[in-house]
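Each chain, letter by letter, is given below.
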Amino acid sequence: MMDKDSLILPKDFPELKNDTFLRAARGEEVEHIPVWCMRQAGRYLPEFRESRAGKDFFETCRSPEACCELTLQPLRRFPFDASIIFSDILVVPQAMGMDVEMTPGKGPTFPEPLKDPEDLKRLKTKVDVSSELGYVFKAITLTRHRIEGKVPLIGFTGAPWTLMSYMIEGGGSPTHSKAKRWLYRYPEASHKLLSQLTDVIVDYLLGQVKAGAQALQVFESHAGCLGPVEFKEFSLPYLRDIARRVKDKIKLSGLDSVPMMVFAKDGHYGLEDLADSGYEVVSLDWTIDPCSARLRTGGKVSLQGNMDPCALYATKERISEIVKKMLEGFGMKGYIANLGHGLYPDMDPENVGAFVEAVHTHSRQLLKSN
Ligand SMILES: O=C(O)CCc1c2[nH]c(c1CC(=O)O)Cc1[nH]c(c(CC(=O)O)c1CCC(=O)O)Cc1[nH]c(c(CC(=O)O)c1CCC(=O)O)Cc1[nH]c(c(CCC(=O)O)c1CC(=O)O)C2
């Protein structure tokens, strides 16, 4: 048994017992297709709802013990092949000096969103991620110890455009028109904000790897409200920059490299570019067909996804059929099974179990018959 102090140091981590997810991310041979779910540590689990009850969301995010417990919960139920640290993409705008509240039933709210370029003055120019986001690093280190090498631990961040749109909209939005107004009206200020976000994100991801994260996912969740031209100007260059700079810094720090994954939700107009953007894995939402995603990415990257989360409302038999088709479409090389977006709070944990089991069972059979 480790003493309490050694649990907070990012060293002497338990040996990894299941590296299937990491091998698939690198396009190597596997015995079964690895599977995890976005938002697997979430409200669909009764134990999550119980742990979170009566507590402020961001206070929970700032407690390494709470984040560790929430991250481990789904692993106690399901044989997932990876875990993702419990946190949120909006901790980055907080670190830059913005207030963000989580309003139950409404979601994230910024009481004072950015209105025009003058407001950029309100943001910190230099962000010391170890003091502002050290709580995430502590949560990662603690979880990496407590997970006991069962599966790898994924760290994550929001991408610059997605975070910019939250900071300007002040919350969720069906059109993102306030944020898009900046792109068309204030392109220079938009680039300034995107660059500032990129700098913080690079340090943040490096800090996560130093703390023990074994893979990283960058969420460009609002790619779908951009068109191909705006995507090429305001999203892609920053996604590329993040991959390149994080990798350079990992090398310079003498750390082991980790696979990086990019998820540009509804951004399939940019799939060819994403496959060429420096990430090992491209994550896909459910609106793209697995075979065409393979063709369009030309074997350059591993693919991850993309079952419609709502397929989990189907019967277990139907889930199994859908999974089998999805596996056949993606093939058995360089593939990580996941949903096309996060789990919803009203989903039945039993069907999540059925999804995981279907991936494991069908992929073992398909690999045997290959
Ligand atoms: O509804 C949304 O997803 C958008 C707003 C929202 C966010 N955090 C949030 C909420 C309220 C809510 O979930 O009800 C608030 C939030 N974040 C999270 C939870 C847990 C849950 O969904 O039940 C919750 C629900 C609130 C609660 O527990 O009280 C945790 C979270 N957010 C996120 C992650 C990473 C992941 O998805 O695996 C994770 C942790 C991993 C895990 O739980 O297993 C990432 C996140 N947060 C957020 C976004 C932007 C999504 C968008 O705008 O399309 C994204 C990226 C994405 O899902 O595409 C913002």
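In this numbering scheme, every chain counts its residues from 1 along its sequence in written order. Per-residue local features are limited, in this predicted model, to residues with pLDDT of at least 70; the limit for side-chain atom pairs, both in listing and counting, is 80 or more; totals at the level of whole chains, interfaces and linings are taken over all residues. Excluding hydrogens and water, the side-chain figures rest on all heavy atoms present in the structure.

A. Just the UniProt feature "domain: Uroporphyrinogen decarboxylase (URO-D)" (unreviewed entry) in the chain, in detail. What UniProt calls "domain: Uroporphyrinogen decarboxylase (URO-D)" (unreviewed entry) maps, in this numbering, to residues 34-43 and 154-170. Runs of E in the DSSP output that reach at least two residues are strands. Runs of H or I that reach at least four are helices, and both are numbered from the N terminus. Overall, residues 34-43 shows 0% helix and 0% strand. The separation of its end C-alpha atoms is 23 Å. End-to-end, the C-alpha atoms of residues 154-170 are 27 Å apart, and along that stretch the chain is 59% helix and 29% strand. UniProt positions are given in the numbering used here, feature names are shortened, and annotations may be inferred rather than shown by experiment.

B. Layout of the nonpolar core. Within the largest apolar cluster, 132 residues are counted, with the highest numbers of intra-cluster contacts made by Trp36, Leu193 and Phe355. Residue contributions to this core peak at twelve residues, all from helix H10 (residues 187-211). Look past the residues within four positions of phenylalanine 355 in its chain and what remains in contact with it is Val35, Cys37, Met307, Leu312, Ile319, Val323, Met326, Asn338 and Leu339. Working definition of a nonpolar core: buried Ala, Val, Leu, Ile, Met, Phe, Trp, Tyr and Cys residues. They are joined through side-chain atoms within 4.5 Å. Think of it in three bands: with a 1.4 Å probe and only protein chains considered, a residue is buried below 20% of the maximum accessible area for its type, exposed above 50%, and partly exposed in between. We call two residues in contact whenever any of their non-hydrogen atoms come within 4.5 Å of each other.

C. Spatial organisation of helix H14 (residues 290-297). Three or more residues of H14 are buried, namely Pro290, Ala293, Arg294 and Thr297. Taken down its axis, H14 places every buried residue within 100 degrees of arc, on the same side. In the core, the buried residues of H14 are packed alongside helix H13 (271-274), strand S8 (302-307), helix H15 (316-330) and strand S9 (335-339). Immediately beyond the C-terminal end of H14, within one or two residues, lies glycine 298, with a positive phi of roughly 50 degrees. Arc definition: it is the arc formed by the directions from the helix axis to the C-beta atoms.

D. Just the pairing of S8, in detail. Summarising burial for S8: six of the six residues are buried, a large majority. Taken together, the three bridges between strand S7 (residues 281-283) and S8 define a ladder with parallel strand orientation. In the sheet register, valine 281 faces S8, and the bridge partner there is serine 302. A pair of strands counts as paired when DSSP detects no fewer than two bridges linking them. The pairing of S8 with S9 spans five bridges and is parallel. Looking at S9, one finds that leucine 303 is bridged to tyrosine 335. A clockwise course of the path from the first strand over the helix to the second, judged with the strands pointing away from the viewer, identifies a crossover as right-handed. One crossover worth recording links S8 to the parallel S9 by way of H15, and it is right-handed.

E. Quick look at unusual backbone geometry. The amide bond that connects glycine 305 to the next residue, asparagine 306, takes the cis arrangement and shows omega of -15 degrees. Within the secondary structure layout, asparagine 306 lies in strand S8. Phi is positive for aspartate 12, close to 50 degrees, though the residue is something other than glycine. Structurally, aspartate 12 can be placed in the segment before helix H1 (20-25). Assessed through its relative accessible area of 57%, aspartate 12 is described here as exposed. Positive phi is not limited to glycine here, since glutamate 148 has a value of about 55 degrees. Inspection of the secondary structure puts glutamate 148 in the loop between helix H7 (134-146) and strand S4 (153-158). Among the residues examined, glutamate 148 registers a relative accessible area of 53% and is labelled exposed.

F. Region of interest: the pattern of salt bridges. Whenever a carboxyl oxygen of Asp or Glu lies within 4 Å of a side-chain nitrogen of Lys or Arg, that contact is scored as a salt bridge. Counting across every chain of the model gives 21 salt bridges. The partner of aspartate 119 in a salt bridge is arginine 122, and the shortest N-O contact between them spans 3.6 Å. The buried category is assigned to aspartate 119, whose relative accessible area is 15%. A salt bridge links aspartate 199 to arginine 245; its shortest N-O distance comes to 2.9 Å. Note that aspartate 199 is positioned in helix H10 and arginine 245 in helix H12 (residues 236-252), a separation of 46 residues in sequence. By relative accessible area, aspartate 199 is classed as partly exposed at 38%. Salt bridges here are not isolated pairs; linked through shared partners, they connect Asp199, Asp241, Arg244 and Arg245.

G. Just the layout of surface pockets, in detail. With a 1 Å grid spanning the protein atoms alone, the term cavity applies to any set of points in which a 1.4 Å probe fits but cannot get out, the term pocket to an open set with protein on both sides within 12 Å along at least five of seven lines, and the term lining residue to any residue with an atom within 4 Å of a point. Grid points are joined across faces, edges and corners, and a volume is the space filled by probe spheres set on the points. Within this model, the largest pocket holds a volume of roughly 1200 Å³. In terms of residues, the lining of the largest pocket owes the most to one element, helix H2 (residues 46-52), which gives three residues. Split into classes, the residues belonging to the lining of the largest pocket amount to 20 nonpolar, ten polar and nine charged. The computed volume of the second largest pocket comes to approximately 330 Å³. Arg144, Val209, Ala213, Gln214 and Asp256 are, among the 19 residues lining the second largest pocket, the residues nearest its centre. Ten residues, namely Ala, Val, Leu, Ile, Met, Phe, Trp, Tyr, Cys and Pro, are considered nonpolar, four, namely Asp, Glu, Lys and Arg, are considered charged, and the remaining ones, Gly among them, are considered polar.

H. Structural detail: empty space enclosed by the protein. According to the stated counting rule, one finds one cavity of 30 Å³ or more in the structure shown. In this structure, the largest cavity spans a volume of roughly 50 Å³. As for the largest cavity, its lining consists of Ala264, Gly267, His268, Leu271, Leu274, Val282, Ser283, Leu284, Asp285 and Ile288. Those elements that provide at least two residues to the lining of the largest cavity are H13 and S7. Among the residues making up the lining of the largest cavity, the classes are represented as six nonpolar, three polar and one charged.

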